[in-house]
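# Results of the structural survey
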Amino acid sequence: MTIEEFRVETSGEEIQTKNADDDRMSKAELLDEFSSYTTLHGFHFVLGSFSLLRRIVWAVLLISGMATLILQCLNGFSKFAENDSVTVREQQRNKTILFPAVTICNQNMLRKDKILGTEAQKFMDDIESLLFGEGLRNNSNETFALDLDRVVKEAGHNISDMLTSCTWQRGLCGPEDFSLFISSQRGLCYTFNSGRPGHPLRYQSSAGRSNGLLLQLNAEPDQYYGPFNMLEGTGFRVLVHDQNEWPDMENYGIDISPGFSSTIRIQRHKTVRLEPPYKSQCGERKLAASETYSFSACFMEC
């Protein structure tokens, strides 16, 4: 009985071993078959029936390729997370385009015939003395109060006197088409196409001198008084700007001399800067003196 039991057990082990070998051969064959038709480049060289050195080389190449792929994916994701931007320039041709605002200031702040013998004349004389290092002309103990805004409005150059001819797109225009702008250093200034209440925006459909704004101005040089005409000369300071921009006459204005015909050609450029999370980190802040944000208005306020 003992011998028979031993034979049965031995026979069972041989059958199990044979079945296990058959299973291992089947898995190896399946893996070899998979490596023969897979589209993963180089994979069949690792599992195929090649020399050990060749399979090791291909395994190293395959692992290196997978590592490079993972690094490229991580690098691409990090660049995507940085929100990089590309500057794009686009040229558009519109049937109509908004005509810009045109601000004009006389180089002289106050008319001579309206300030002679007044406190405003003393004020202008003191400014001239300080600018040229002569000291105050009037007694230093003498004090007087001067409402400069009121004096500028009363004694400044009026657009009705300076404007002798105005043409817009071959049609007539006049002083009523200009809105008042008071500059702290220029006095009374006037803006054409300001877009303010009572002054609707004007659009232009074609380029050319006759389709724009033509002005003939009188600088009234016989009414010049004070230091400003000595430093700036006779004529006007003109600025072409957007309706939403503060007219910074001192930094961006163009001097126009009397007795000459001057032409200003313009081309509109619009820049859109990206807000966070882009690298530019651009944005807008609430301005106290201007309803619409612009670079010039922000610069003046800051």
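Residues numbered from 1 in each chain as written. Predicted model: local features only at pLDDT ≥ 70, side-chain atom pairs only at ≥ 80, totals over all residues. Heavy atoms only, no water.

Its UniProt record gives the chain the following Sequence similarities (unreviewed entry) comment, quoted word for word: "Belongs to the amiloride-sensitive sodium channel (TC 1.A.6) family." On record in UniProt, under Subcellular location (unreviewed entry), the comment for the chain is "Membrane". (UniProt positions renumbered as here; feature names shortened; annotations may be inferred.)

Taken as a whole, this structure holds 2 disulfides when the rule is applied. Between the sulfur atoms of C105 and its disulfide partner C189 the distance amounts to 1.9 Å. On the S-S bond that ties C105 to C189, the torsion sits near 115°, and the link is right-handed. Of this pair, C105 sits in strand β2 (residues 101-106) while C189 sits in strand β6 (residues 187-192), and the two are 84 residues apart along the sequence. (Disulfide = S-S within 2.5 Å. Helix = DSSP H or I, 4+ residues; strand = E, 2+ residues; numbered from the N terminus.)

Let us look at the packing of aromatic side chains. With the rule as written, the count across this model stands at 5 aromatic pairs. Taking 4.7 Å as the distance between ring centres and 65° as the angle between the ring planes, the aromatic pair formed by F99 and W168 counts as edge-to-face. A residue pair is termed long-range when its members are at least 10 positions apart, and F99 in the loop between β1 (97-98) and β2 and W168 in strand β3 (residues 163-168) qualify at 69 residues. Comparing F99 with W168, the two get one shared label, buried. With centroids separated by 6.5 Å and ring planes inclined at 80°, the aromatic side chains of F99 and F192 adopt a geometry described as edge-to-face. One end of the pair, F99, is in the loop between β1 and β2; the other, F192, is in strand β6, and 93 residues separate them in sequence. Accessibility assignment for this pair places F99 and F192 in one class, buried. (Phe/Tyr/Trp six-rings, centres within 6.5 Å; stacked < 30°, edge-to-face > 60°. Buried < 20%, exposed > 50% of the residue type's maximum accessible area, 1.4 Å probe, protein only.)

Its place among the elements puts L188 in strand β6. Residue L188 is classed as buried on the basis of its relative accessible area, which comes to 7%. Taking the C-alpha atoms as reference, L188 lies 9.4 Å from N108; in sequence the two are 80 residues apart.

Here the focus is the pattern of salt bridges. Following the criterion strictly, the structure yields 8 salt bridges and no others. Ionic pairing is found between R111 and D113, a salt bridge with its closest N-O pair at 3.1 Å. Across the pair R111 and E220 runs a salt bridge, and its minimum N-O distance is 3.0 Å. With R111 in the loop between β2 and α4 (112-115) and E220 in the loop between β8 (213-217) and α8 (227-232), the pair connects residues that are 109 residues apart, well separated along the chain. For the residue pair R111 and E220, the accessibility class agrees, reading buried in each case. It is possible to trace a salt-bridge network through shared partners that takes in R186, R237, E250 and D255. (Salt bridge = Lys/Arg side-chain N within 4 Å of Asp/Glu carboxyl O.)

Let's shift gears to the pairing of β6. Burial analysis of β6 places 6 of its 6 residues in the buried class, the great majority of the element. Here β2 runs beside β6; their pairing, made up of 4 bridges, is antiparallel. Paired with C105 across the two strands is C189, which belongs to β6. Judged from the 6 bridges that link them, strand β5 (residues 178-183) and β6 form a sheet pairing that is antiparallel. Across the sheet, the residue bridging to F181 is C189, located in β6. Joining the antiparallel neighbours β5 and β6 is a turn of 3 residues. (Pairing = 2+ DSSP bridges.)

On to a nonpolar patch on the surface, then. On the surface, V240, I254, I264 and I266 cluster together into a nonpolar patch covering about 300 Å² of accessible area. Structurally, I266 can be placed in the loop between β10 (254-256) and α10 (295-301). (Patch = residues over 30% accessible without salt bridge, like charges linked within 9 Å, V, L, I, M, F, W, Y side chains within 5 Å. Areas by Shrake-Rupley, 256 points an atom, 1.4 Å probe, with all protein chains shown as cover.)

Here the focus is the layout of surface pockets. Here the second largest pocket defines a volume of roughly 490 Å³. As for the second largest pocket, its lining consists of 21 residues, and the residues nearest its centre are S194, R196, Q243, N244 and E245. For the lining of the second largest pocket, the per-class residue count stands at 8 nonpolar, 9 polar and 4 charged. (1 Å grid on protein atoms, 1.4 Å probe; cavity = no way out; pocket = protein on both sides within 12 Å on 5 of 7 lines; lining within 4 Å. Points joined across faces, edges and corners; volume = space filled by probe spheres on them. Nonpolar A, V, L, I, M, F, W, Y, C, P; charged D, E, K, R; others polar.)

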